[in-house]
Amino acid sequence: MITVREWKERLNEGKAYDAVAELIERAKRNRYNSFITVTEEIALKQAEEYDRGNREGKLAGIPVAVKDNISTEGVRTTCASRMLENYIPPFDAHVVERLKQEGAIIIGKTNMDEFGMGTTTETSYFGVVKNPKDEERVAGGSSGGSASAIAGNETVLALGTDTGGSIRCPSSFTGVYGLKPTYGLVSRYGLVAYANSLEQIGPMASAIDDLGLLLEVIAGKDERDSTNAGKSFHYSPVEKKFRIGVIKEMRADERVMEVFDEFTRSISKFAEVEEVSLPSLSYALPAYYVIAMSEASSNLARYDGVRYGHSLESLDSWTNYFSRVRKEGFGKEVKRRIMMGSYALSAGYFGKYYLKALKVRTLVVQDFMRAFERFDLLISPTMPSTAFRIGELADPVTMYMADINTTPINLAGLPALSMPAGEVNGLPVGVQVIGNHFEENKILGFGRMVERNEV
Amino acid sequence: MDVVIGLEVHVQLNRLKTKLFCSCPLDYHGREPNTHVCPVCLGLPGAMPVINREAVRSAIKVALALNAEINPVMRFDRKNYFYPDLPKGFQISQYDMPLAWGGYVTIETESGEKRVTLKRIHMEEDPGKLSYKGSITTAKYSLIDYNRSGAPLLEIVTEPVLRSPKEARTFLNTLRIILEYLDVFDGDLEGAMRVDANISIAGGGRVEIKNISSFKGVERALAYEITRQKNLMRRGRKIERETRHFDEANSITVSLRSKEEEQDYRYFPEPDLVPIYTSEFVDDVKDALPEMPWEKRERLIKQYSLSLEKAKILVLDPKMADYFERVAKEIDPRVAASWIVDVLRGELNYRDMSFSEGERRLNSDELVELLTYFLKGRITEKGVVEVIRTKLDHGGSVEEIIQSKGLFSIPQDEIDRLCREAIEKNPKAVEDYRAGKKQAANFLVGYVMKMTEGRADPGETARKIREILEEIS
Ligand SMILES: [Zn+2]
């Protein structure tokens, strides 16, 4: 893994062009299937610019990989779906505009679960992403490509998106750092929606400071996203004797718990650590899936093959045309979620599912707010296990269960970090650090203290 | 048999500059298809809606004018359904937290004033528009124009309180006038108002007729539907609840779907928009609310001593009322009202011309000029009408028309002089007259007519000649 500091040293020693070309060569070799599209030409041109002396911007000369559900003008944005296999957006997402303004080198679009719907990147139309730590295993999902690109030295920084753990899960499985920001901190303009009320774009990297740097660039006011809080983020990590709550309800398998318990013991050297219970969390996972699938069923209705995306030559009626396009264009998991979401929103079930899920959401928020009266930060294992073998999660419910520790954070709109905290049989274990709304600097400050103390 | 009708009126807030959730311009009428579009109104992946605050202001204006109770917090919801003209697979609309509840519109019926109560008013976006090369039945494919997609709509829903097709039409006319007073709506633009009508006859199921695009169409569709349902009932058949389509060309309704096939729109809150606190807008809008037709009517009666009948007609079109007030500054208001209401409006109706078009052809200054000639006796009543007709049909300046058509009347002293001249120059005729040949006077009148090129009033001239003859005998 390459930190920004290491990369800058390399830029000082040689040409950006050569350094970027080396990354691109590696990405194109496609060992882990991290990328759906490598933007070789654009990246090398930008590297040349850098070498020529155009070094303006906070991310000047630094490679960033962008998840393929974030719109890039003129570069296809597939959401890892056959439906958008050849879709080229006519505009940049807000975060991409920001990357360009700060001189970042966009080296490609990363692989993911189709429309973000998955925990293993196995639902990608472009094939599964392999975990650089063990190629028999998945890199997690849905931002699997962004994580493997960092872990596999194919980029320095990456953007992921997190609807129910999609940044934190692959970060945990591949041993990288990933931050899901507070809902509303980063504009979603240009992010292809899966579940609008839950998701955020966030930074992924190989060091805490790099997360702070990238977040500083992508966060901030954007009037094109009405849910944007209009706040900017200035990276100034808070370091102090934190009061840390260990969430009782967020568990993991035995081996992961051993690593996690060791982590909590070692941080007590510089923090106050205490257990805390959030009873509503037992309902959070089903509530999360009801809301996510309901929103998804509506968000994905626009893919009808009329204006863009997968299309057919012709067919007798528009109803047949739509259903055939959608039948061919969407994968199995996407169809499953559209169907379940439509069901949850339909007359007679709306109150039973959707409204109930909203109530749970309120309870979850209240539980977290109560906990933050006593604690600065809350921690848990990010994932209930280490990375799965490819193909291991055969049934969808088992896959959904893997999101048990990450989804409540999205329900509550909180910021949360996953950082490496040890290994089980050579497989990384991530710890999740949750902060109160807009307290990313506390999370990152704590992360730095952990990094320094080599927990 | 009791007929109960309720209307859902879709009103395009087409006086706004931009669409409801993007900044695409709204002046797409008559423009190339798909030129007024952007990622938002095309429903491209990743595009997000942003509320047009001016549209909220206009909507609140309407709700206030219709006496509705504005929701302190309103929210947008998604109405999910598939249709080729709907780019996102859902329409952003409002469901359980709409713009406003209740309200009413007072209409004139044959049996006096009636209050048509409203159920609710909500905001929503217009879909795109399908069109066909040739006709819908022969075209090989459909074309979609997204210029209309995302145009701001208000849906105004009445309680089922209308009792006849005519009442329904009167309601729509009245609503149109109110919306035009508010300057949020131009009813002349294509697709400006579209109506769904619900109708049930005592004992029968409720039938909905979808998407009628003209007021005449609403009246016809409802009339057809009443006849159809009554015929069915007479034959002992039950009226099932269903949705029908109005075939404008043949003035009939055709079944679209039965109750079992009713769509489930799976409404839920639009997660990309935040709730709107309407109190931010209401006070401002209230202050800026223009004079409404019923207020203007009362004022015209008081200020200009007009009759109720004249005032009622003048306020039917705010442009006509303004026109009247401009003329009334210069001319006796009652004379002005009478010419505008009885003559000008009649001539416009005869020509199927809107008032604004009429105003372009005969502006208020020109009418003042024309009526001033009339009041000074320089032109006859008939002459005024002729000038108005000429202005509407061919244009030209008032004075030129009067001149070229020779409409200026001859002043009375000139007539008197000519009468005396006729008597002086025709002693023979005078003699005959004196001898008892009364028709000899006609010869003298003929002389005056000749001298004035027929512009003298023959009756008036005859009377004058007899008067002089009696005098000098
Ligand atoms: Zn637009």
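Conventions and cut-offs
- Residues numbered from 1 in each chain as written.
- Chains lettered and ligands numbered in written order.
- Predicted model: local features only at pLDDT ≥ 70, side-chain atom pairs only at ≥ 80, totals over all residues.
- Helix = DSSP H or I, 4+ residues; strand = E, 2+ residues; numbered from the N terminus.
- Rg over C-alpha atoms; globule rule 2.2 N^0.38 Å.
- Contact = placed C-beta atoms within 7 Å.
- pLDDT = per-residue confidence, 0-100.
- Core = buried A, V, L, I, M, F, W, Y, C linked by C-beta atoms within 7 Å.
- Buried ≥ 20, exposed ≤ 12 C-beta atoms within 10 Å, placed from the backbone.
- Axes fitted to C-alpha atoms, helices over the stretch in contact; angles between N-to-C directions.
- Parallel < 35°, antiparallel > 145°, perpendicular 65-115°, else oblique.
- Left-handed = near helix turned anticlockwise from the far one by under 90°.
- Nonpolar A, V, L, I, M, F, W, Y, C, P; charged D, E, K, R; others polar.
- Expected span 1.5 Å × (residues − 1).
- Arc of directions from axis to C-beta.
- Pairing = 2+ DSSP bridges.

**A few points about the overall build of chain A**
- Regarding its fold elements, chain A presents 15 helices and 13 strands.
- Taken against the 2.2 N^0.38 rule, which gives 23 Å for 455 residues, the C-alpha radius of gyration of chain A at 21 Å falls within 12% of a compact globule.
- In terms of principal-axis extent, the alpha carbons of chain A reach across some 70 × 60 × 45 Å.
- Here the contacts in chain A between residues at least 6 apart in sequence split such that 75% fall between residues at least 24 apart.

**Things to note about the interface of chain A and chain B**
- Contacts between the two partners involve 33 residues from chain A, matched on the other side by 24 residues from chain B.
- Of all the secondary structure elements, the ones that give two or more residues to the side of chain A that touches chain B are helix H9 (284–299), helix H10 (318–329) and helix H11 (332–345) of chain A.
- Tallying contributions element by element places H9(A) first for the side of chain A that touches chain B, with three residues.

**Things to note about the confidence of the model for chain B**
- On average, residues of chain B score 92 in pLDDT, and 100% of them reach the 70 mark or higher.
- Of the two predicted TM-score estimates for the complex, the pTM is 0.90 and the ipTM is 0.96.

**A look at the nonpolar core**
- If you look at the biggest cluster of nonpolar residues, it comprises 217 residues, and the most contacted ones within it are A:Val64 and B:Ala197.
- With 10 residues, the single largest contributor to this core is H9(A).
- Setting aside anything within four residues of it in sequence, one finds A:Val64 in contact with A:Leu59, A:Leu99, A:Ala104, A:Ile105, A:Ile106, A:Thr155, A:Leu157, A:Ala158 and A:Leu159.
- B:Phe324, B:Val341, B:Leu362 and B:Leu367 belong to the second-largest nonpolar core, a separate cluster that totals 33 residues.

**Some points on the environment of A:Ser171**
Residues and elements named next belong to chain A.
- Residue position: Ser 171 is located in helix H6 (residues 168–174).
- Sequence spacing of Ser 171 and Glu 295 is 124 residues, and the spatial spacing of their C-alpha atoms is 25 Å.
- Those residues within four positions of Ser 171 in sequence are excluded, and the remaining contacts are Ala 147, Val 176, Tyr 177, Gly 178, Met 204, Ser 418 and Gly 430.

**Section: the packing of helix H7 (residues 318–328) of chain B against helix H10 (residues 364–375) of chain B**
All names here are of chain B.
- Between H7 and H10, the least distance of the axes is 9 Å, while the angle of their chain directions is 45°. When the axis of H7 is compared with that of H10, the two are oblique. In this structure, H7 crosses over H10, and the sense of that crossing is right-handed. When H7 is examined against H10, the residues Tyr 323, Arg 326 and Val 327 are found in contact with a partner set consisting of Ser 364, Leu 367 and Val 368.
- Here the contact of H7 with H10 is built from residues that sort into four nonpolar, one polar and one charged.

**What to know about the packing of helix H7 (residues 208–218) of chain A against helix H15 (residues 440–453) of chain A**
All names here are of chain A.
- Put simply, H7 and H15 touch, their axes get as near as 9 Å, and they point 155° apart. When the axis of H7 is compared with that of H15, the two are roughly antiparallel. Counting all contacts with H7, which are made through Ile 208, Leu 211, Gly 212 and Leu 215, the residues of H15 involved are Glu 440, Leu 444, Gly 447, Arg 448 and Glu 451.

**Re helix H13 (residues 412–425) of chain B**
Residue and element names in this part refer to chain B.
- For H13, which comprises 14 residues, the first-to-last C-alpha distance of 20 Å matches the rise-based estimate of 20 Å (1.5 Å per residue) to within 8%.
- Burial in H13 covers these residues: Ile 415, Leu 418, Cys 419 and Ala 422. All buried residues of H13 lie within an arc of 105° about the axis, which places them on one face of the element. Away from the buried face of H13 by more than 90 degrees, exposed residues Asp 413 and Glu 424 are located.
- Residues of H13 that are buried sit in contact with helix H15 (440–451) and helix H16 (458–472).

**A look at the pairing of strand S1 (residues 3–12) of chain B**
Residues and elements named next belong to chain B.
- Among the 10 residues in S1, seven count as buried, and that is most of the element.
- Two strands pair when backbone bridges link them, and S1 and strand S12 (residues 193–201) are joined in this way by nine bridges, in the antiparallel orientation. By the bridge assignment, Gly 6 is partnered in S12 with Asn 198.
- Relative to strand S11 (residues 152–158), S1 runs antiparallel, the two sharing five bridges.

**Concerning the environment of B:Lys166**
Residue and element names in this part refer to chain B.
- Structurally, Lys 166 can be placed in helix H2 (residues 165–181).
- For Lys 166, a count of 14 C-beta atoms within 10 Å puts it in the partly exposed group.
- In sequence terms Lys 166 and Leu 42 are 124 residues apart; their C-alpha atoms lie 39 Å from each other.

**A word on helix H2 (residues 16–29) of chain A**
- In this model, H2(A) (14 residues) spans 20 Å end to end at C-alpha, consistent with the 20 Å of a helix rising 1.5 Å per residue.
- The secondary structure elements touched by the buried residues of H2(A) are helix H1 (4–13), strand S1 (35–38), helix H3 (40–51), strand S2 (63–67), strand S3 (105–110) and helix H5 (144–151) of chain A.

**Brief notes about the sheet that holds strand S16 (residues 268–269) of chain B**
All names here are of chain B.
- Taking strand neighbours across the sheet as the criterion, the three strands line up as S5-S4-S16 in an open arrangement whose pairing is antiparallel. Where the open sheet ends on each side, the last strands, each with one partner, are strand S5 (90–93) and S16.
- In this sheet, S16 lies alongside strand S4 (residues 77–80) in antiparallel orientation, the contact comprising two bridges. By the bridge assignment for S16, Asp 77 is matched with Pro 269.

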